[in-house]
Amino acid sequence: MAQSQQLKKDESVEEAYFTLRSGHRIPALGLGTWKAETNVVRDAVYNAIVECGYRHIDCAHIYGNEKEVGEGLQMAFDAGIKREDIFVTSKLWIKSCVPEKVRPALDTTLSDLGLKYVDLYLIHWPICLSEDASSPPKKGQVLPFDTVGVWREMEKLVEQKLVRDIGVSNFTVKKLEHLLANSTIKPSVNQVEMHPSWRNDNVLNYCKKENIHVTAYSPLGSSSTDLFHAEEVIQTSEKVGKTPGEIMIRWLIQRGVSTIPKSSNKERIKENMRVFDFKIPDEDMQKLSSVPTQKRTNPGGELIVTSEEEKESILREFWEGEL
Ligand code: NDP
C-alpha cells in the first residue's frame, strides 16, 4: 500500500520554485543537457517545456549542444511559450576562466542559444586551463585561477543585463568563503553533485547559512552509477508508490535544493517531472539520507590531474578532503 503524502494544489505550485538572494525565482526542476546528443536534444528541450511543463533548462558551452538546445527553445517560443517564463542556465568553461575571456564566452553562448540573456551564468569549475590544454592536462596547462578577476567580469554581465543572476559550480566551502569576501554581487547559486550516494552535506549546510541556493547535478547518480537499485531507494520507492527516479528527485527538492535530471527520453522526461504531487515522509527522508557509501561520481580528475602519481593529493586538495 503506497504511503506517500498528497500535497494540496497550492502547496505544489509554491514548491515548484525557490527564491534566489536576488529575488528572482529558480524552478525546482530543470532539464539537464550534458551528454544529450545533438540530434535528440532539440526535441528533448521542446517536449520538456511544451509537453511536460519544465521551466528550467541547464546548459553549458562545453556540452557542445547549445545551438541545438537553442533550436528547441525557439520551437517552444514558436508554440507560444514566453521567454520570461523559461529559466536558462549556462556555464563559463574552464578554458575561458580568465577575465578577458568572460564576455566573449557569454557572447558565444548567447549566440548559440539564440537568446538576448541567460537567467543564470555559472563559473563551471574553479579551474583555469590554457587554450591548448589536453584532457587530462599536462603540467603547465593548469593555470592559476583568478577568482576575483573572473568574478568581477561576471558581475559586469549582470550590470549589462546580459545575465540575470551569477553563480558558481563545484565550489567548496573555502572557495565560497573567498568569493563572498571579495565580491559585490554575491553568488546566487552553487551547482554541485548531489544524490543519495553523495549527500554533500557540508556544502549544503554552508550554502543554506550564506543564502546561496544549491542546485543538485547528477541527481540520479549520473550515467555511471546504478542508484536505481540502491536498497534505500528501492524500499522508499515501494513504500511511497513512486518510481526510484521520482524518489531521488523528490528527496532533493525536500532538502531545499533544485535539480536538473538529464534525459533524452520522452517518457523519462515526463516521469522526472512527476514530483510535485507527493511528499516523502520524514522517516524515509532520513533513510535516503543514510546511504553508507558516499562517493563523488564526478571528481573532475580529467580537468586537473597532471600526473597519475599525484592524482590523490591533487584531488584531495581541490575538494578539501571531501571525495
Ligand atoms: P543524471 O543523474 O541526471 O542521470 C542521467 C542518466 O539517467 C542518463 O543516463 C538518463 O538516460 C538516465 N535517466 C534519466 N531519467 C531516468 C529515469 N527516470 N529512470 C531511469 N533512468 C533515467 O546525470 P547527469 O550527470 O546528466 O546530471 C544531470 C545534469 O546536471 C547534466 O545533464 C548537466 O546539465 C548537469 N551537470 C552539471 C555538472 C557541473 O559540473 N556543473 C556536472 C554534471 C552534470 P536517458 O537520457 O536515456 O533517459
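Every chain begins its residue count from 1, and numbering advances along the sequence as written. A pLDDT threshold of at least 70 governs which residues receive local features in this predicted model, and a stricter bar of 80 or more applies before side-chain atom pairs are shown or counted, although totals over entire chains, interfaces and linings include all residues. Processing note: side-chain calculations cover all non-hydrogen atoms of the structure and skip hydrogens and water entirely.

## Quick look at the sheet that holds strand S4 (residues 31–32)
- For two strands to pair, DSSP has to find at least two bridges joining them. The helix count covers DSSP runs of H or I at least four residues long, the strand count covers runs of E at least two residues long, and both are numbered beginning at the N terminus. Ordered by their spatial adjacency, eight strands build an open sheet running S4-S5-S6-S7-S10-S11-S12-S13, and the pairing between neighbours is parallel. Looking at which strands have only one partner, the edges of the open sheet turn out to be S4 and strand S13 (258–259).
- Two strands pair when backbone bridges link them, and strand S5 (residues 56–58) and strand S6 (residues 87–92) are joined in this way by three bridges, in the parallel orientation. Within the sheet, the bridge partner assigned to His56 lies in S6 and is Phe87.

## Describing the pattern of salt bridges
- Any carboxyl oxygen of Asp or Glu that lies within 4 Å of a side-chain nitrogen of Lys or Arg is treated as forming a salt bridge with it. Going through the model one piece at a time under the given rule, you end up with 18 salt bridges.
- Residues Glu153 and Lys156 are paired through a salt bridge, measuring 2.9 Å at the closest nitrogen-oxygen approach. Separated by three residues within a single helix, Glu153 and Lys156 lie in helix H5 (residues 147–159), roughly one turn from each other.
- Classification of Glu153 as buried rests on a relative accessible area of 18%.
- Here Lys156 falls in the partly exposed class, since its relative accessible area comes to 28%.
- Residues joined in a network through salt bridges with shared partners are Arg152, Glu155 and Glu159. Between buried and exposed lies partly exposed: a residue is buried under 20% and exposed over 50% of the maximum accessible area for its type, with that area taken using a 1.4 Å probe on protein chains only.

## Points about helix H3 (residues 66–78)
- Here the expected span of a helix is defined as 1.5 Å times the quantity of residues minus one. Here H3 contains 13 residues, and its C-alpha end-to-end distance of 18 Å stays within 8% of the 18 Å for a straight helix at 1.5 Å per residue.
- Those residues of H3 that sit buried are Glu66, Glu68, Val69, Gly70, Gly72, Leu73, Ala76 and Phe77.
- We call two residues in contact whenever any of their non-hydrogen atoms come within 4.5 Å of each other. Looking at the buried positions of H3, the neighbouring elements they touch are helix H2 (38–51), S5, S6 and helix H4 (99–113).
- At the exit of H3 stands Gly80, carrying a positive phi of roughly 110 degrees.

## Re the environment of Ala16
- Residue placement: Ala16 occurs in the loop between helix H1 (9–15) and strand S2 (17–19).
- Taking the C-alpha atoms as reference points, Ala16 and Asp43, separated by 27 residues in sequence, lie 23 Å from one another.
- Among all residues touching Ala16, those that are not within four sequence positions of it are Ile26, Pro27, Ala28 and Phe276.

## Overview of the site of the ligand
- Nearness here has a simple test: a residue counts as near a molecule or strand if at least one of its heavy atoms is within 4 Å of that partner. Taken together, the neighbourhood of the ligand is formed by 29 residues, with Asp58, Leu220, Ser222, Ser263 and Arg268 sitting nearest.
- In the environment of the ligand, an oxygen atom lies 3.0 Å from a nitrogen or oxygen atom belonging to the side chain of Asn170.
- At 3.4 Å from an oxygen atom of the ligand is found a main-chain nitrogen or oxygen belonging to Gly221.
- For the ligand, whose unbound accessible area comes to 900 Å², protein coverage reaches 87%.
- Here the ligand occupies the largest pocket.
- Of the residues forming the shell around the ligand, the biggest block, three residues, is contributed by helix H10 (residues 266–273).
- Considered class by class, the residues forming the shell around the ligand number nine nonpolar, 15 polar and five charged. Identification of polar contacts relies on pairs of N or O atoms within 3.5 Å, with a donor-acceptor requirement for protein atoms, meaning one able to donate a hydrogen and the other able to accept it, and with residues adjacent in sequence counted only if both atoms are side-chain atoms. The accessible surface values rely on the Shrake-Rupley method and a 1.4 Å probe; as for residues, cover is taken only from the protein chains in view. Points on a 1 Å grid, built from protein atoms alone, make a cavity when a 1.4 Å probe fits but cannot get out and make a pocket when they are open with protein on both sides within 12 Å along at least 5 of 7 lines; residues with an atom within 4 Å of a point are the lining residues. Grid points define the cavity or pocket, and a molecule sits in it when more than half of its atoms lie within 2 Å of them. Ten residues, namely Ala, Val, Leu, Ile, Met, Phe, Trp, Tyr, Cys and Pro, are considered nonpolar, four, namely Asp, Glu, Lys and Arg, are considered charged, and the remaining ones, Gly among them, are considered polar.

## Concerning the nonpolar core
- Residues grouped as a nonpolar core are buried Ala, Val, Leu, Ile, Met, Phe, Trp, Tyr and Cys residues, joined through side-chain atoms within 4.5 Å. Judged by nonpolar contacts, the single largest core of 83 residues is most densely connected at Leu73, Leu92, Val118, Tyr121, Ile123 and Met154.
- Sorting elements by how many residues they give to this core places helix H9 (residues 244–254) first, with six residues.
- Excluding residues that lie within four positions of it along the chain, Val118 makes contacts with Arg83, Val88, Leu106, Leu110, Leu113, Leu162, Val163 and Arg164.
- If you look at the next biggest cluster of nonpolar residues, it comprises 15 residues, including Ile260, Leu303, Val305 and Ile314.

## Considering the pairing of strand S11 (residues 189–193)
- Most of S11 sits inside the fold, with five of its five residues counted as buried.
- The sheet contact formed by S11 and strand S12 (residues 213–217) spans five bridges and is parallel. Each residue of the ladder has a partner; that of Glu193, found in S12, is Tyr217.
- Tracing the backbone out of S11, into helix H7 (residues 201–209) and back to the parallel element S12 gives a crossover that is right-handed. Note on handedness: a clockwise path from strand one over the helix to strand two, with the strands aimed away from the viewer, defines a right-handed crossover.

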